[in-house]
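Coordinates in review
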Amino acid sequence: MKQTRIALTISPQGRILHVLEAGPYDDVLLEGVLMLDLVPPPSRAKAQNFLTALVTEQRAFRWVLPLLMHGQEVELEFSGIASPELVVIAMEAQQNPDAFLDGLMDINNEQANAIRSMARELAQASRPDDALMEMSKLNNELASAQRELARRNAELRRLNEEKNRILGMVAHDLRNPIGVVASYGKLLKRGKFGELNERQQEILERMVGNCFWMLSMVEELVDLTAIESGTVALACEDLDLERVVRDCIELASAFAEEKQISIVCEVQSSGSVWADRGKLLQVMTNLLTNAIKYSAAKTTTTITIGTDGQASWVSVSDEGQGIAPDKIDELFQPFSTVGSKATGGEKSTGLGLAIVRRIVQAHGGGISVTSELGQGSTFRLDLPSAKPETG
């Protein structure tokens, strides 16, 4: 059989417009035939990608595609160029582009120069030295990009550390004056400096409330910056998880009573955890107060304790608003409130869950959430039961 030499002009949809050379398949490659119809079904998506690349990038080189010719699959190497029509040539995968060009020298029409130019580009791309030079160039560019990425990462780390330092300093400096204002407000409310009328009491109540809100935000900001900067040391010990949970319930009970929310504690199994008591209490209190904050009055919040292999876990489930599926990933990002509104008008900094996740990760544990809109949410905390081994 004579050597394969195919040269065609095609439409953007792949329909053959002119057959310039079709040997030895001039009885199959006919004008009006859709090229995709000659490609076996499993390879048609790849053939379509070849046409798309040819249309969008104006050229496409060395795409290996099979064609159904005379009842058999023939694997050919396709290349194409837009000049201005879409000109496609195909050759056997191992065929020398120079020899292919020589075989097409007898074509004498407006597409001839485009075909010869394309064949020359293929011949150039086939030279090992050129390929090695191109690979070397790409390696150099990659090395430069990696160096630039490392430089920028180092700069980002420096800026993040500077941000944490400034935030920590600002938050620390704000804490004292806000605390002084709140203290004087409490003294005024008690009548230490004279009796106040009803309107003055109302205004003062708002002032003091906002001061304590600001103090809460400052405290959380201090916590977050300290954790992110790695300056917080954990004082871990063996703790009775159930005892910590019940202490947390006691702290949150007054808040729950204001909204007539019941707190139920279910113990499936209980053991010790290796944790910092103060930090664990902070985590549990945040999860429980959040459950109360975003739940309607006269509902129930359930805390469940259990063990699972080498870990202990505790979950906090509410009957609140729930969280939209596309918002769950944002929950643990700083300043994220995911659109939920506290049912009693309580305020939120959006920092609590970000702090919770960082504290839990510092303990070698994990936190997860499942939720359904209108059905409530469940936060689950997993902590190691034993002291981690050190090498």
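Placed above this text is the structure.
The structure reproduced in this document is the subject of the present report.

What counts, and where the lines are drawn
Residues numbered from 1 in each chain as written. Predicted model: local features only at pLDDT ≥ 70, side-chain atom pairs only at ≥ 80, totals over all residues. Heavy atoms only, no water. Axes fitted to C-alpha atoms, helices over the stretch in contact; angles between N-to-C directions. Helix = DSSP H or I, 4+ residues; strand = E, 2+ residues; numbered from the N terminus. Parallel < 35°, antiparallel > 145°, perpendicular 65-115°, else oblique. Left-handed = near helix turned anticlockwise from the far one by under 90°. Contact = heavy atoms within 4.5 Å. Nonpolar A, V, L, I, M, F, W, Y, C, P; charged D, E, K, R; others polar. Pairing = 2+ DSSP bridges. Salt bridge = Lys/Arg side-chain N within 4 Å of Asp/Glu carboxyl O. Buried < 20%, exposed > 50% of the residue type's maximum accessible area, 1.4 Å probe, protein only. Expected span 1.5 Å × (residues − 1). Arc of directions from axis to C-beta.

A few words now on the packing of helix α6 (residues 241-258) against helix α7 (residues 277-293). Think of two packed helices as two axes; the pair is described by the angle between the axes and how far apart they sit. The N-to-C vectors of α6 and α7 enclose an angle of 40°; their axes lie 9 Å apart at closest approach. The orientation of α6 relative to α7 falls into the category oblique. In terms of crossing hand, the pair formed by α6 and α7 is right-handed. Contact residues: L241, V244, V245, D247, C248, I249, L251, A252, F255 and A256 in α6; R277, L280, L281, M284, T285, L288, T289, I292 and K293 in α7. Here the contact of α6 with α7 is built from residues that sort into 14 nonpolar, 2 polar and 3 charged.

The next subject is the packing of α7 against helix α8 (residues 352-362). At a closest axis distance of 10 Å, the pairing of α7 and α8 adopts a crossing angle of 145°. As α7 packs across α8, the resulting crossing turns out to be left-handed. Facing α7, whose interface residues are K279, Q282, V283, N286, L287 and N290, α8 presents G352, L353, I355, V356, I359 and V360.

Sheet architecture is open: 5 strands sit in the order β7-β9-β10-β12-β11, paired in mixed fashion. Bordering the open sheet on either side are β7 (262-267) and β11 (366-372), each of which pairs with just one other strand. Pairwise comparison of adjacent strand axes, ignoring direction, gives a mean angle of 15° for this sheet. Bridge count for β11 against strand β12 (residues 376-384) is 7 bridges, and the pairing is antiparallel. Residue T370 lies in a different strand from β12, and its bridge partner there is T378. Where α6 meets the sheet, it contacts β7, β9 (300-308) and β10 (311-317), and its direction lies at approximately 170° from that of β7. Seen against the sheet, α8 touches β11 and β12 and runs at an angle of roughly 140° to β11.

Now for the pattern of salt bridges. By the definition in use, this model includes 13 salt bridges. Measuring nitrogen to oxygen at the nearest pair gives 2.8 Å for the salt bridge that ties E155 to R158. Taken together, the positions of E155 and R158, both in helix α4 (residues 128-189) and 3 residues apart, correspond to about one turn of that helix. Close ionic contact of K327 with E330 constitutes a salt bridge, the shortest N to O distance being 4.0 Å. By sharing partners, the salt bridges in this structure join E148, R151 and R152 into a single network.

Below, the discussion takes up the pairing of strand β1 (residues 5-10). Burial within β1 is extensive, with 6 of its 6 residues counted as buried. Burial of the side chains of β1 extends over both faces: R5, A7 and T9 are buried on one face and I6, L8 and I10 on the other. Relative to strand β2 (residues 16-23), β1 runs antiparallel, the two being bridged by 6 bridges. Within β2, the position partnered with T9 by the bridge is H18. Adjacent in sequence and paired antiparallel, β1 and β2 are bridged by 5 residues, among which G14 carries a positive phi angle near 95°. Note: β1 against strand β5 (residues 86-92), 5 bridges, orientation antiparallel. By the bridge assignment, A7 is partnered in β5 with I89.

Let us now look at helix α1 (residues 44-57). Taking 1.5 Å per residue as the helical rise, α1 with its 14 residues ought to reach 20 Å, and the 20 Å between its terminal C-alpha atoms agrees with that figure. When we look at burial in α1, the residues that qualify are A47, F50, L51, A53 and L54. Across the axial projection of α1, the buried residues extend over an arc of 160°, all falling on one side. Residues A45, T56 and E57 are exposed on α1 and point more than 90 degrees away from its buried face. Considering only its buried residues, α1 is in contact with β1, β3 (59-69), β4 (72-82) and β5. Backbone geometry just after α1 places Q58 at a positive phi near 70°.

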